[in-house]
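# Summary of structural features
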Amino acid sequence: MGITYYEKDRLFKLDTPASTYMCAVTDEENFLGHVYYGPRLTDHDAAYLMRTGEPPFVPSKSNRERLAFYDTFPMEMPTHGIGDFRDDALAVRSVSGHSAVKLGVVSHEIYKGKKSLKGLPATFGKEDEVTTLDITMKDEALNMTVVLSYSAFEKVDAITRSVRIINNSSDDIVLTRVMSACLDMDNENFDLLTLHGSWARERHINRRPLTRGFQGLSSIRGECGHQDHPFMAIMEKGADEDRGQVYGMSFVYSGNFLASCYVNQFESVRAMMGINPEDFNWLLKPGEEFTAPEVIMVFSSEGLGRMSRTYHDLIRNNLIRSPYKDRKRPILINNWEATYFDFDTDKLVGIADQASKLGIEMLVMDDGWFGHRDFDDSSLGDWYVYEDKIKGGLKYLVDEVNKRGMKFGIWFEPEMISPDSDLYRAHPDWAIQIPGRTPGQARAQYVLDLTRPEVVDHVYGQVKAILESANIEYVKWDMNRPLSDMGSSALPPERMGEMFHRYMLGVYELQERLITDFPNLLLENCSGGGGRFDAGMLYYSPQIWCSDDTDAVERLLIQEGTALVYPLSSMGAHVSDCPNHALGRVTPFRTRGYVALAGTFGYELDVTRIPEEDRNMIPGQVKMYHAYNDLVRMGDYYRVSSYSQNNEYDCYMVVSKDKSEALVTFVQVLNRVNFHSRKIRLKGLDPEKKYFVTFVDEDEETSAKNGGERTYSGEILMKAGLLIPRPWGDFHGMLISLKAQ
Ligand code: DGJ
C-alpha cells in the first residue's frame, strides 16, 4: 500500500486497501494525466489508458492538431484557455489581462503522513496511516507554481486531494477559478447521486443518469446551505447498496462550492469539486500562496453501503478532532421547541428538575438569553446576559442546574448582528454591506464581517467571557441566514472577490480558537437546522444539528441522506413533542425515540408539560441510549431498506466492528392491510455466528410472539431473513437487538 513512483512510465500509483488511483506524466509537455481509479491493482502498466497515441489526438511537435489533443486528454488539473474546451480547474487574470494557464510537471515528493492545510479543515493521519504525494507543476509563462497534494490512506479506501498555488513572479496574479479535485473518466453509463433539500428538509437523496453537457450542484450562499450539498457520487448504472462501483467526492469546506460533471463529445466525464468560482477572485501578490480546500475521494466496488462506511470511518478517525469523538455524549434537553423565547431562570430550573429525575444529563439553553432578546429581531452581537430573564445571573442558573446533577450548555450565533443591537449601534460598518445599498435582512439580521480581524477578536472575546463566567460544558453554534450584499469596508476593491472565502477563514479561526482555549467543550454546529452540515465543520465539532424538522418520519429521510456520508455519531437528533412543530404530524413517542437513537440523542420538549405517558417512557429511552450508543457511535452502518424507495417502511442497522452485536431499527411508516409479516434480510453479520434476537422495549411475551427471544444463525438472517410482524397503525417502530452467543 502507499504511493509508488514508476520512473520508466513516469507514473504514480496510489493504493488503499481495495482501491488504486494512477496518474502519469506525458512525454512531450509534461502534462499530468489521469490513468485509472478503481479496484486495487497489483500491476501498474496502464499509462496507455491516457490514449496519447490514439489518432487523431497524437500530440504533434508541429503543433498541427494540438487542440484536438488538449480537448480530450484526461487532465488531473485542467487549465483554462489553452484549447481544452471542457470546464477547467484553474484560471487566472494576469497583469496583462490574460486568463490562460498551462501546467507541466517539474518534480514530485512522496512522504509518510500528511501536512495540515493552513487555516482550513482537513483530514489528518499519522505516518503509518497515510502517505502523501506532492506533485509540483509550473506555468513557465506566468512563473506560477501549482502543487497537487494527494494522500492515500492505509486502512480506508480514501484518497484526498488539495491544491496550493504560489506566485513566483514579480507581478500580481488573480486566481479566478481553483477547483480542488478533478476526475476525468470514460462515462461508463454512470448515474450521478447528489443530496438536495430545503430548510427542514435537508439532504434528500437524488439519483439520475449522467447525461451529455453540464450537471451538478453548487452554493453561492456563503455556506453549503440546506438546498445543495458538497458531495456527489458517480455510480455504475446497476450499483446499489451492496453491489457495483461507486466514486464518492466530498468537499471538506463549508462555504460556496461547485460540484460539477461535464459529459463531452467523446462520452467522457469530467467530475470536479472546489470553491464556487462565482464571486471568487483571489489576488496573489508576488511571493504569496493560496491553498484550496481538500476533497475526499472514496472508491467502493461494493455499492453505496461500503462507500458510506468508508466515509464514516475516515471522518470518525481522521477528520473529527474533538475528544468527544470516542465518547458517549451527555443526553441533553434543549429548550428551543419547549419554550422558544419565552423562558426565564425558574422555567429552566423547572425543566432541569424534572429532566434530571428522568436520567437526562445536560440542559441546553437555546436562543433568547442575551441582550434584550424576546423575539428573533434583536440583540445578536450583544453577548451579555439578559438579566430580566436569567434572574440571578448565568452563574446562578448554571449552578442550579449542576446541583441537580446535570451539565449546562448554551446557544450562540456569533457570526450575526441584529440592527437592533448595541453592537450595531456602535459599529454599523461591521455588518456585511455594499456602500450605497441597504443590505437585505434575513430573520431580521445582518452578517458580521468576519474578514476583519478586529471583528473576529471582538466576537471571540464576548463568547470567551461568557464561557468563563460559569461552568458551561457545551456550545450550540448557530448560523441562521445566508450571506448577501458582499462588501467589506476593510477590503480594497481588488480584494473584494476574496470576501466569501475570507469569511469562511474567519469562521474557522473563531472555532479553532474556541476549541483550543476550551479543549473539553462539546461543540455542536448548527445552521437553521442542517444548513451547514458538512465535512469542514466536523473538523471543529464532533456533531452538527441535523435539521429543524424533528418529526420522526421526515427524519428518516434526512438522516438517511446525512448518513450517506457522515457518521451517525455526528448527527444531532432529538425526541420532540407532538403534533410536530414543523409539520403537525403525530407519531408515537416510542418511534421518536428509536429514530433519535440513530444520532447523538436528546430531547427538544418541555418535559414538565408533555403527556405523562410519554414522560414515563423517558427513563426507558435513556436506558436504551446507554445500552446501545457505543454500538451506534462506533459500529458499521447498513441501510437495509429505504422508505424513500419503498414508500412503506424504513430499516437500517448498525453492526459492531467485531460483529458480536447489532441493532436493527425498523419503522413502518404506512401500514397496509392483510399482508404476511415482513421478511427482512439483514446485513453485515458474521454468517458463522449465532445471534440471540430480542425485540427491545417489548415485554418478553410480545418479543417471543414477534419471533424474538430466540437464536438464529448470521447466515440465515442475511440470506433467508428475519420475519418482522406488522405493527398496528402507522408510524410504529421496532428496535431489534442481536447478540452473538
Ligand atoms: C435554528 C436552530 O436550528 C434551532 O434549533 C434553534 O436554535 C433556533 N435557530 C434558534 O433561533
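Residues numbered from 1 in each chain as written. Predicted model: local features only at pLDDT ≥ 70, side-chain atom pairs only at ≥ 80, totals over all residues. Heavy atoms only, no water.

The subject of this paragraph is the overall build of the protein. If you tally the helices and strands in the protein, you get 15 helices and 38 strands. By the compact-globule yardstick of 27 Å for 741 residues, the protein fits well, its C-alpha radius of gyration being 27 Å. In the protein, which comprises 741 residues, the proportion classed as buried is 63%. Total accessible area on the protein stands at roughly 26,700 Å², and carbon and sulfur atoms take up 49% of it. Treating the 82 positive side-chain charges of the protein as one cloud and the 108 negative ones as another, the clouds have centres 3 Å apart. (Helix = DSSP H or I, 4+ residues; strand = E, 2+ residues; numbered from the N terminus. Rg over C-alpha atoms; globule rule 2.2 N^0.38 Å. Buried < 20%, exposed > 50% of the residue type's maximum accessible area, 1.4 Å probe, protein only. Areas by Shrake-Rupley, 256 points an atom, 1.4 Å probe, with all protein chains shown as cover. Lys, Arg positive; Asp, Glu negative; His and termini not counted. Charge placed at Lys NZ, Arg CZ, Asp CG, Glu CD.)

This next bit is on the domain arrangement of the protein. Segmenting the protein into domains produces domain 1 (2-318), domain 2 (323-634) and domain 3 (639-740). Each of domain 1 and domain 2 has a C-alpha centre, and the two are 34 Å apart. Facing the 49 residues of domain 1 at the interface are 45 residues of domain 2. The contact between domain 1 and domain 2 buries some 3,900 Å² in all, and 58% of this surface belongs to carbon and sulfur atoms. Its largest share of buried area at the contact with domain 2, domain 1 owes to R203, W282 and R316, together 17% of the area lost on that side. With a shortest N-O distance of 3.5 Å, R495 and E288 are connected by a salt bridge. Counting across the domain 1 and domain 2 interface gives 28 residue pairs in polar contact (both at pLDDT 80 or more). Every element with two or more residues in the side of domain 1 that touches domain 2 is listed here: β11 (191-196), β12 (204-209), β14 (228-235), β15 (246-251), β18 (282-284), β19 (289-300) and α2 (303-318). Ranked by the residues each element gives to the side of domain 1 that touches domain 2, the list is headed by α2, at eight residues. (Domains from an automatic or database assignment. Contact = heavy atoms within 4.5 Å. Buried area = accessible area lost by both parts, 1.4 Å probe. Salt bridge = Lys/Arg side-chain N within 4 Å of Asp/Glu carboxyl O. Polar contact = N/O pair within 3.5 Å; in protein donor to acceptor, adjacent residues only side chain to side chain.)

Our next topic: the nonpolar core. General note: in soluble globular proteins, nonpolar side chains tend to be found buried as a group. Among the nonpolar cores identified, the biggest contains 203 residues, and L175, W369 and I410 are the most heavily contacted of them. Ranked by the residues each element gives to this core, the list is headed by helix α8 (residues 499-517), at nine residues. Setting aside chain neighbours within four positions, we find I410 in contact with V364, M365, W369, L394, I466, L467, I472, Y474, V475 and K476. (Core = buried A, V, L, I, M, F, W, Y, C linked by side-chain atoms within 4.5 Å.)

Let us look at the sheet that holds β14. What the nine strands build is an open sheet, ordered β6-β7-β8-β9-β19-β15-β14-β11-β12; its pairing is antiparallel. Strands with a single pairing partner mark the edges of an open sheet, and in this sheet they are β6 (104-112) and β12. Direction aside, the axes of adjacent strands within the sheet are offset by 20° on average. (Pairing = 2+ DSSP bridges. Axes fitted to C-alpha atoms, helices over the stretch in contact; angles between N-to-C directions.)

Residue P579 is reached from C578 by a cis peptide bond, and omega for that bond is -5°. Considering the arrangement of structural elements, one finds P579 in the loop between β29 (575-576) and α11 (589-596). Its identity is not glycine, yet R51 carries a phi of approximately 60°, on the positive side. As for its placement among the helices and strands, R51 is situated in the loop between β4 (32-39) and α1 (66-70). Among the residues examined, R51 registers a relative accessible area of 40% and is labelled partly exposed. Phi at S379 is positive, roughly 75°, even though this residue is not glycine. With respect to the element layout, S379 can be found in the loop between β21 (362-365) and α5 (393-403). Judged by relative accessible area, S379 falls into the buried class, the value being 0%.

Our focus in this paragraph is the site of the ligand. In the region of the ligand, 13 residues are neighbours, and D366, D367, K476, D478 and D548 sit closest. The contact in question runs from an oxygen atom of the ligand to an N or O atom on the side chain of K476, over 2.7 Å. G529 has a polar backbone atom sitting 2.8 Å from an oxygen atom of the ligand. Contact with the protein chains covers 98% of the free accessible surface of the ligand, which is 290 Å². Residues that form the shell around the ligand fall into these classes: four nonpolar, three polar and six charged. (Near = heavy atom within 4 Å. Nonpolar A, V, L, I, M, F, W, Y, C, P; charged D, E, K, R; others polar.)

In this section: the sheet that holds strand β2 (residues 11-15). Across the sheet, which stays open at both edges, the four strands sit in the order β1-β2-β3-β4 with antiparallel pairing between neighbours. Lying at the two open borders of the sheet, with one neighbouring strand each, are β1 (2-6) and β4. Direction aside, neighbouring strands of the sheet carry axes that sit 15° apart on average.

Glancing now at the packing of aromatic side chains. Counting across every chain of the model gives 36 aromatic pairs. Arranged with centres 4.3 Å apart and planes meeting at 40°, the rings of F370 and W383 form a pair that is tilted. Of this pair, F370 sits in the loop between β21 and α5 while W383 sits in the loop between β21 and α5, and the two are 13 residues apart along the sequence. Grouping residues by exposure puts F370 and W383 together as buried. Pairing F370 with W411 gives two aromatic rings, centres 5.9 Å apart and planes at 15°, and the pair type is stacked. Taken together, the positions of F370 in the loop between β21 and α5 and W411 in strand β22 (residues 407-412) put the pair 41 residues apart, joining distant regions of the chain. (Phe/Tyr/Trp six-rings, centres within 6.5 Å; stacked < 30°, edge-to-face > 60°.)

Let us now look at the environment of M365. Mapping M365 onto the fold places it in strand β21. M365 sits in the buried class, given a relative accessible area of 0%. Through-space distance from the C-alpha of M365 to that of F343 is 9.4 Å; in sequence the pair is 22 residues apart.

Now for the packing of helix α10 (residues 552-562) against α11. Closest axis-to-axis distance for the α10/α11 pair is 9 Å, and the angle between their directions is 15°. Overall, the two elements α10 and α11 adopt an arrangement that is roughly parallel. With respect to the hand of their crossing, α10 and α11 are arranged in left-handed fashion. Taking contact as the criterion, the partners of A552, R555, L556 and Q559 in α10 are, on α11, T591, R592 and V595. In terms of residue class, the contact of α10 with α11 is made up of three nonpolar, two polar and two charged. (Parallel < 35°, antiparallel > 145°, perpendicular 65-115°, else oblique. Left-handed = near helix turned anticlockwise from the far one by under 90°.)

Within the secondary structure, H44 sits in the loop between β4 and α1. At 3.1 Å, the side chain of H44 and the side chain of D9 are in polar contact. Residues within four places of H44 in sequence aside, it is in contact with Y6, D9, L11, K13 and M22.

Here we take up the pattern of salt bridges. What the rule picks out here adds up to 55 salt bridges. Between K115 and D134 there is a salt bridge, and its shortest N-O distance comes to 3.9 Å. In this pair, K115 is assigned in the loop between β6 and β7 (130-139) and D134 in strand β7, connecting sequence segments 19 residues apart. Residue classification places D134 among the buried residues on the basis of a relative accessible area of 7%. Sharing partners across several salt bridges, the network here consists of D84, R86, D184 and R270.

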